[in-house]
Amino acid sequence: MTPVVLAAEAVRYRYPQQTSLALEDVNLSLRRGEILGLLGPNGSGKSTLINLLNGLREPQAGSVRRIGNPHLRVAWVPQEYAYYPQLTCRENLHFFASLLAVSPQERATRMDQVVKACVLDEFLDKQLRHCSGGVRRRVNIAIGLLQAPDVLLLDEPTVGVDPQTRVFLLEQVRQLARQGAAIVYATHYMDEAMAVCNDILILDHGRVVASGDLATLLKGTAGAGPFANLEALFMHYTRRLLRD
Amino acid sequence: MGALNQAIVIFGKEWRLLLRNPHGLAVLFLMPGIFLLVMSFALKNTLTSEDIALPQTGWVIEEQSPLAANWSNDWIERKGGVRFASRKSLLDALRARQVQAGVIVQDHWVDAKGTPRIERIELWLSNRIQPASAGRLRAEVTASMLQLQLKGRVAAAGPFGSMLLDDASRADVFAALGPMTIRYLYEIESGRKMTAVQQSVPAWLIFGMYFVVIPLTGVLIQERNDGTLARLSTFGVSPFAILGGKLLAFMALNWVQLLLMLWVGRWLVPLLGGDALYLDLQFTWFLLMVFATSASAVGLALLIGAYTRSFDHAAALGGGANVVLAALAGIMVPRPLMPAAMQTVSEWSPMGWALDGMQAVFLGAPDASQIVPKAALLLLFACACLLIAWHPIRHLDRFA
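Since this is a predicted model, take the numbers as computed values, not measurements.

Parameters at a glance
- Residues numbered from 1 in each chain as written.
- Chains lettered and ligands numbered in written order.
- Predicted model: local features only at pLDDT ≥ 70, side-chain atom pairs only at ≥ 80, totals over all residues.
- Heavy atoms only, no water.
- Helix = DSSP H or I, 4+ residues; strand = E, 2+ residues; numbered from the N terminus.
- Rg over C-alpha atoms; globule rule 2.2 N^0.38 Å.
- Buried < 20%, exposed > 50% of the residue type's maximum accessible area, 1.4 Å probe, protein only.
- Contact = heavy atoms within 4.5 Å.
- Areas by Shrake-Rupley, 256 points an atom, 1.4 Å probe, with all protein chains shown as cover.
- Phe/Tyr/Trp six-rings, centres within 6.5 Å; stacked < 30°, edge-to-face > 60°.
- Lys NZ or Arg CZ within 6 Å of the ring centre and 35° of its normal.
- Pairing = 2+ DSSP bridges.
- Axes fitted to C-alpha atoms, helices over the stretch in contact; angles between N-to-C directions.
- Parallel < 35°, antiparallel > 145°, perpendicular 65-115°, else oblique.
- Left-handed = near helix turned anticlockwise from the far one by under 90°.
- Nonpolar A, V, L, I, M, F, W, Y, C, P; charged D, E, K, R; others polar.
- Right-handed = clockwise from strand over helix to strand, strands pointing away.
- Buried area = accessible area lost by both parts, 1.4 Å probe.
- Salt bridge = Lys/Arg side-chain N within 4 Å of Asp/Glu carboxyl O.
- Polar contact = N/O pair within 3.5 Å; in protein donor to acceptor, adjacent residues only side chain to side chain.
- Core = buried A, V, L, I, M, F, W, Y, C linked by side-chain atoms within 4.5 Å.
- Expected span 1.5 Å × (residues − 1).
- Arc of directions from axis to C-beta.

*Asks:* Sorry, what's going on with the overall build of chain A here?
*Replies:* When its secondary structure is counted, chain A shows 8 helices and 9 strands. Its C-alpha atoms give chain A a radius of gyration of 18 Å, near enough to 18 Å, the size a compact globule of 244 residues would have. With the C-alpha coordinates aligned to their principal axes, the bounding extent of chain A is approximately 55 × 40 × 35 Å. A burial count over chain A gives 51% of its 244 residues as buried. Put simply, of all contacts in chain A between residues at least 6 apart along the chain, 68% involve residues at least 24 apart. By element, 51% of the accessible surface of chain A is carried by carbon and sulfur atoms, the whole surface being about 11,100 Å².

Here it is in structure tokens:
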């Protein structure tokens, strides 16, 4: 079993001016080469947990620890297109690469690598506002990959893309895991989670309602299961009530 | 990577974004340039010490005395004008723009002692008459009435009184020999004539500089709403670098605006028949005022961008604030046309401080006492804006 690189222990978080907890006593551990599927209805706390893992927020109780390497590179790919659509693909990549504390040679190498990995060659000089949703998603991921991450946090990376792009992105995620990256994959698409994730963590109302490796979860426990698929498992733990 | 290097990278990104924003460029360059052109010509006859022509004037004589007939005949012969039979025909002529003003000599204009009374004169003015032209007509009617009254007294004084009459014309008492010389302080100090363009360039430059609020808030709000600010934070970019990069980029932009406005004033306005802007300014004070004005403009823009949630909100607040500040400061309506109370009010706004300092540079030979206090106020204002803007921007995590 590969070593744990990032762990959240008994994490608790409440947003200012909110009465209820966004996250309550959440535990998770991420290993190199592992893809953890982070599932949950809207408002369940998935994005909050990702923001704690990437260091944008600090837990009010519990801890998020980088294990073995204090300089662990954690990259975050947000759900939104978090770049400059008025700039070209090349200009965006160059801008974000220029912010990294690496040598110009290393910067150029990383740019070449992410352009190849995300198949962006033919769009390099095109303004992103004129590109398709699929290209924009690939650029969003490419910017995250510029950091050469040990841990990659993907927040719904396939929203609004065509099936071809989705298949491509899922294959890229598997490839990154094979190369040793630990990946958190937040999604609403159960088939995607089934396709790429080894482990699953289901959040609801800020609490972990199910977690473990996918095969074990599908077999069920004494009180519930077995489940025909991940969707059945998900609906069992989160119920059918519509969320805000 | 250090915050300074990050700020430089952000500086470059801001410039690329600006060059891809034609609407922002139009607001920053085209709008103030056009304002400058238009106002340089529109105020050509107002902001000048040159003689303003008397308006074309119509006369209605309701007074039956010979004195009234003689006075109006003499005026029309010497200064031009048209006689009308009634108030209605004068009104029609004013409406038809055949005359710009009317003088009505009311019944009982001459009192029981035979003295004409100014309070029995009515002056009618076209809605479009230039204030300076109306002012000249009023002054000349008053002076002419005074002459009439003096001549009445001279006549009453007997044979020796006629010695007071001017020898040449026998018409005026103590006649003026010619027009007086009028000189603005700027003309006394520089030896050049006052022009509208010399006053308009600093005013519209300031106005244009403050409009950095439109492109700056556009980018900042996009970055915040798209999560780009939060993403920058995960790249190790400090809030200081973000604020510093934007500050540097938009202050540099203000200098480009300055060059454009100087070009319009120096070359384009004269090319179209207006007066040329004189550019032999005191360089040190000029640089200090541009720097301080630019800092205040970008500081205010960052403040608005930091606290607004949508571009519509920012454009309405930023654009609206600029127009109100410009109206208060005497940019929309030049200060010489304001009453004294409004002129005092205009000295207490950031654009007013900028206008005071800039006009001192453009309209004369300023010393430290005219520039340093205004520049200090502008820099204090800029610091206050940046401090308040710092509060939300330092929490980049909240934009995730």
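From this point, the narrative continues.
*Asks:* How do you make sense of the packing of aromatic side chains when you look at a structure like this?
*Replies:* Two numbers describe a pair of aromatic rings. These are the distance of the centres and the angle of the planes. Throughout the structure, instances matching the rule amount to 18 aromatic pairs over all chains. Note on Phe95(A) and Phe96(A): the rings are 5.1 Å apart at their centroids and 70 degrees apart in plane angle, and the pair reads as edge-to-face. Accessibility classification places Phe95(A) together with Phe96(A) in one group, the buried group. Taking the centre distance of 5.2 Å and the plane angle of 85 degrees together, the rings of Trp204(B) and Phe207(B) count as edge-to-face. Linking Trp204(B) with Phe207(B), this pair stays in helix α7 (residues 196-210), spanning 3 residues, or about one helical turn. The class for Trp204(B) is buried, based on a relative accessible area of 2%. We classify Phe207(B) as buried; its relative accessible area is 1%. The positively charged end of Arg231(B) is found above the aromatic ring belonging to Phe96(A), 6.0 Å away from the centroid.

*Asks:* Whenever I open this one, the sheet that holds strand β4 (residues 121-125) of chain B confuses me. Can you help?
*Replies:* Either a parallel or an antiparallel arrangement is found when strands of a sheet pair, and the pairing is made through backbone hydrogen bonds. All names here are of chain B. Sheet architecture is open: 4 strands sit in the order β2-β1-β3-β4, paired in mixed fashion. A strand with exactly one partner marks an edge of an open sheet, and here the two such strands are β2 (82-84) and β4. When the angles between neighbouring strand axes are averaged without regard to direction, this sheet yields 25 degrees. Pairing of strand β1 (residues 57-61) with strand β3 (residues 101-105), which is carried by 5 bridges, proceeds in the parallel orientation. When the bridges of β3 are listed, tryptophan 59 appears paired with valine 103. Along the sheet, helix α5 (residues 131-156) makes contact with β1, β3 and β4, crossing β4 at roughly 165 degrees.

*Asks:* Would you mind going over the packing of helix α3 (residues 66-79) of chain B against α5(B) with me for this structure?
*Replies:* Angle between the axes and distance between the axes: these two values describe a pair of packed helices. All names here are of chain B. Relative orientation of the contacting elements α3 and α5 amounts to 130 degrees, with a least axis distance of 12 Å. Here α3 lies oblique to α5, going by the angle between them. In this structure, α3 crosses over α5, and the sense of that crossing is right-handed. Contacts from Leu67, Trp71, Trp75 and Lys79 of α3 reach α5 at Leu137, Glu140, Val141, Ser144, Met145 and Leu148. Class assignment of the residues belonging to the contact of α3 with α5 gives a composition of 7 nonpolar, 1 polar and 2 charged.

*Asks:* Mind showing me how you'd approach the pairing of strand β6 (residues 151-155) of chain A here?
*Replies:* Two faces, one strand: in a regular strand the side chains alternate between the faces of the sheet. Residue and element names in this part refer to chain A. Within β6, 5 of the 5 residues are buried, which leaves it mostly tucked inside the rest of the structure. Bridge analysis of strand β5 (residues 74-77) against β6 gives 4 bridges, and the strand direction is parallel. Paired with alanine 75 across the strands is leucine 152, a residue of β6. Where β6 meets strand β7 (residues 182-186), 5 bridges bridge the pair, whose relative direction is parallel. Across the sheet, residue aspartate 155 finds its bridge partner in β7, namely alanine 186. On the question of chirality, the crossover connecting β6 to the parallel β7 by way of helix α5 (residues 163-178) is right-handed.

*Asks:* Just to check I follow, could you spell out the interface of chain B and chain A for this structure?
*Replies:* Often the size quoted for an interface is simply the accessible area lost on bringing the parts together. Between chain B and chain A, the residue contacts involve 23 residues of the former and 29 residues of the latter. Interface area, chain B with chain A, both sides summed: about 2,500 Å², of which 61% is carbon and sulfur. When the area that chain B buries against chain A is broken down by residue, the three leading residues are Arg20(B), Arg231(B) and Phe235(B), summing to 33%. Linking chain B with chain A are 2 salt bridges. Of the charged contacts, one joins Glu91(A) and Arg20(B) as a salt bridge, the two residues approaching to 2.8 Å between their closest N and O atoms. At the boundary of chain B with chain A, the tally comes to 10 residue pairs in polar contact (both at pLDDT 80 or more). Of all elements in the fold, only α1 (3-19), α8 (213-225) and α9 (228-234) of chain B reach the threshold of two or more residues within the side of chain B that touches chain A. Per-class residue counts for the side of chain B that touches chain A are 9 nonpolar, 6 polar and 8 charged.

*Asks:* Just checking my understanding: could you explain the pattern of salt bridges for this structure?
*Replies:* For side chains bearing opposite charge, pairing can occur when the charged atoms are close. Residue and element names in this part refer to chain B. This model, assessed by the stated rule, comprises 25 salt bridges over all chains. Residue arginine 87 pairs with glutamate 62 through a salt bridge whose shortest N-O separation is 2.7 Å. Pair noted here: arginine 87 is in helix α4 (residues 87-95) and glutamate 62 is in the loop between β1 and α3, with a separation of 25 residues, a long-range link. A relative accessible area of 25% places glutamate 62 in the partly exposed class. Here the residues in one salt-bridge network are Lys13, Glu14, Glu223 and Lys246, joined through shared partners.

*Asks:* Would you take a moment to explain the nonpolar core for this structure?
*Replies:* Most often, soluble globular proteins have nonpolar side chains that are buried together. Core analysis: the largest hydrophobic core is formed by 137 residues, its most contacted members being Leu93(A), Phe96(A), Ile183(A), Ile200(A), Leu232(B), Ile331(B) and Phe362(B). When residues of this core are assigned to their parent elements, the largest contribution, 14 residues, is made by helix α11 (residues 283-307) of chain B. What Leu232(B) contacts, discounting residues up to four positions off in sequence, is Tyr84(A), Phe95(A), Phe96(A), Leu99(A), Glu223(B), Val237(B) and Ile242(B).

*Asks:* In this structure, what is going on with helix α2 (residues 89-98) of chain A? I would like to understand it.
*Replies:* Judged by how many residues are buried, α2(A) sits mostly within the fold: 8 of 10 residues are covered. For α2(A), the complete set of buried residues consists of Cys89(A), Glu91(A), Asn92(A), Leu93(A), Phe95(A), Phe96(A), Ala97(A) and Ser98(A).

*Asks:* Please clarify how the environment of Ser238(B) should be interpreted in this entry.
*Replies:* Residues and elements named next belong to chain B. Inspection of the secondary structure puts serine 238 in the loop between α9 and α10 (239-271). Relative accessible area serves as the criterion here: at 22%, serine 238 is assigned to the partly exposed category. Residues serine 238 and arginine 394 lie 156 residues apart in sequence; the distance between their C-alpha atoms is 8.0 Å.

*Asks:* Could you clarify how one ought to interpret the side chain of Gln257(B) in this entry?
*Replies:* Residue and element names in this part refer to chain B. Counting through the fold element by element, glutamine 257 comes out in helix α10. Within the structure, glutamine 257 has its side chain in polar contact with the backbone oxygen of glycine 208 (distance 2.9 Å). When near neighbours in sequence (up to four residues on either side) are disregarded, glutamine 257 contacts Leu28, Phe29, Leu205, Gly208, Met209 and Val212.

*Asks:* Can you help me understand helix α3 (residues 104-117) of chain A in this one?
*Replies:* Every α-helical turn comprises 3.6 residues, leaving residues that sit three or four positions apart pointing alike. Residues and elements named next belong to chain A. In this model, α3 (14 residues) spans 20 Å end to end at C-alpha, consistent with the 20 Å of a helix rising 1.5 Å per residue. Where α3 is concerned, the buried positions are Arg107, Arg110, Met111, Val114 and Val115. The buried residues of α3 all sit within an arc of 130 degrees when viewed along its axis, so they share a single face. Within α3, the exposed residues directed more than 90 degrees away from the buried face are Gln105 and Lys116. Looking at the buried positions of α3, the neighbouring elements they touch are α2 and α4 (133-145).

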